[in-house]
Amino acid sequence: LQGRLLDKFAQEFVVASAAETRQVEEPSRWLTTSSLQLETRNERIASASTQYNRATVAVTSRHDEIRFQGRGYLTNEEEGARQPQNRFFVGGELSWLKLGYGDQYPLFPDLILSGKRVRGFSGNLTLGFFNLDLSQGEIVRSVEGALLETFPRESLLVEQQRNPGASFDSVHATPLWAKLRYGTLKRTLLVLRPSFGHRDGSHIGFTYLKATDDLSSIRYGAIPQENLVLASDIALTFDRRNIEFTAQAAVSATNRDITKGTFTDAEIDATFTEYSESSRRAIRNIRDIVSTFITVNEHLVPLNAKNLPTLSYEANVLLNYFDNNFKISYLRHGESFESFGQSYLR
């Protein structure tokens, strides 16, 4: 009653069993999850009936800081005459490195690349103060055209009047002309962006984009084009991100027809006849520098840099105070600015 120990007794014993002893296995340090979704649907509108069959599979495996993932999407909507409907992706990542191959939608400054599917390789490197983002692959799949009909040259005017919306061209090395259904050229893209600072905080980045149509990808195609964009972006944050300043600027160059390649000296002299010899010499020097990045000929935009028609820039100030968000923006999009990685910019 007073909390004193009255007695103490201890006995050791062992329980033995005749049953077979099993060794407990150490659980795996890999954690794997997977999912599979199947869908079939029939849509009937008026007398038209359309069947949709789709399958989606995803697998993720993680071991400490290592993570692998794979996903696939299959549909009966896939056709050779359309852009890809099926999707796939495989990739792996560490805390400082991400690598992947397949269909993806990379994140870059939205003047450069936004909302565009890229089928190819991607990589992200994060080394403290230095970061590197890379995306390289196909943004347009080649779709072959067709030669529909041939006819003598003297019948061209009649055929054009009969089919005003059709495409016509001469048949190589023959006196004939043809009515064509133009296909789609394969278009590849490369984007490289080194940046300095924190990805989610204050940083400055520089972006290079190059996109090119492959003239040899199909036989009957539209005019091949080429696009180059150089850009820079900056972000500054203050007061625990209650104040954010972001800005980006980009300049583009687009060649509407790279079929014949870069200007020769004789072609420069013939095109710029009203220019002095010293001006034409300067143009040749510029051609030698710029042609290492993009094809230079009379179809290059801008051929004249007056008023900077291919320059675009944006600046934003974001404030988060008094339980409200405020945003002030200023932007200028040049009338001829174009990025093949950004199809939605106005």
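In this numbering scheme, every chain counts its residues from 1 along its sequence in written order. In keeping with the predicted nature of the model, local features appear solely for residues at pLDDT of at least 70, side-chain atom pairs appear and are counted solely at 80 or more, and the whole-chain, interface and lining totals rest on all residues. The basis for every side-chain value is the complete set of heavy atoms in the structure, and neither hydrogens nor water enter the calculation.

Think of it this way: any DSSP run of H or I at least four residues long counts as a helix, any run of E at least two long counts as a strand, and we number them from the N terminus. Of the regular secondary structure elements, the protein holds three helices and 17 strands. Throughout this description, buried means an accessible area under 20% of the type-specific maximum (1.4 Å probe, protein chains only), exposed means over 50%, and partly exposed covers the range between. A total of 346 residues make up the protein; the buried ones form 31% of that total. The contact criterion used is simple: two residues touch if any of their non-hydrogen atoms lie within 4.5 Å. Taking the contacts inside the protein whose residues are at least 6 apart along the sequence as the reference set, 56% of them involve residues at least 24 apart. Values of accessible area rely on a 1.4 Å probe in the Shrake-Rupley scheme; residue burial ignores everything except the protein chains shown. In the structure as shown, the protein presents an accessible area of about 23000 Å², 56% of it carried by carbon and sulfur atoms. For the purpose of charge, His is not counted, nor are the chain termini; Lys and Arg are scored as positive and Asp and Glu as negative. To locate a charge, take atom NZ for lysine, CZ for arginine, CG for aspartate or CD for glutamate. Each charge sign in the protein was given a centre, from 39 positive and 41 negative side chains, and these centres are 2 Å apart.

At least two bridges found by DSSP between two strands are what make those strands a pair. What the three strands build is an open sheet, ordered E8-E10-E9; its pairing is antiparallel. The two strands at the open ends of the sheet, each matched to only one other strand, are strand E8 (146-152) and strand E9 (167-170). Neighbour-to-neighbour, the strand axes of the sheet open up by a mean angle of 30°, direction not taken into account. Only the stretch in contact is used when fitting a helix axis, every axis being a line fitted to C-alpha atoms; angles between N-to-C directions are given from 0 to 180 degrees.

Before going further, it helps to spend a moment on the nonpolar core. Take the buried Ala, Val, Leu, Ile, Met, Phe, Trp, Tyr and Cys residues and link them wherever side-chain atoms come within 4.5 Å; each set so joined is a nonpolar core. With 16 residues, the main nonpolar core has Ile 112, Ile 139, Leu 189, Val 191, Leu 209, Val 229 and Ala 250 as its most contacted residues. Setting aside anything within four residues of it in sequence, one finds Val 229 in contact with Ile 112, Thr 207, Tyr 208, Leu 209, Ala 250, Val 251, Ser 252, Phe 337, Glu 338 and Ser 339.

Bringing the pattern of salt bridges into the picture now. Any Lys or Arg side-chain nitrogen found within 4 Å of a carboxyl oxygen on Asp or Glu counts as a salt bridge. Evaluated as defined, the whole model comprises 25 salt bridges. Here Arg 119 makes a salt bridge to Asp 103, at a shortest N to O gap of 2.8 Å. Of this pair, Arg 119 sits in strand E6 (residues 118-127) while Asp 103 is found in strand E5 (residues 97-104), placing the two residues 16 residues apart along the sequence. For Asp 269, the salt bridge identified is with Arg 284, shortest N-O distance 2.8 Å. Of this pair, Asp 269 sits in helix H2 (residues 265-271) while Arg 284 sits in helix H3 (residues 277-290); the two residues are 15 residues apart in sequence, bridging distant segments of the chain. Assessed through its relative accessible area of 29%, Asp 269 is described here as partly exposed. We classify Arg 284 as buried; its relative accessible area is 14%. Here the salt bridges share partners, and the residues they tie into one network are Glu 39, Arg 41, Glu 43, Arg 54 and Glu 77.

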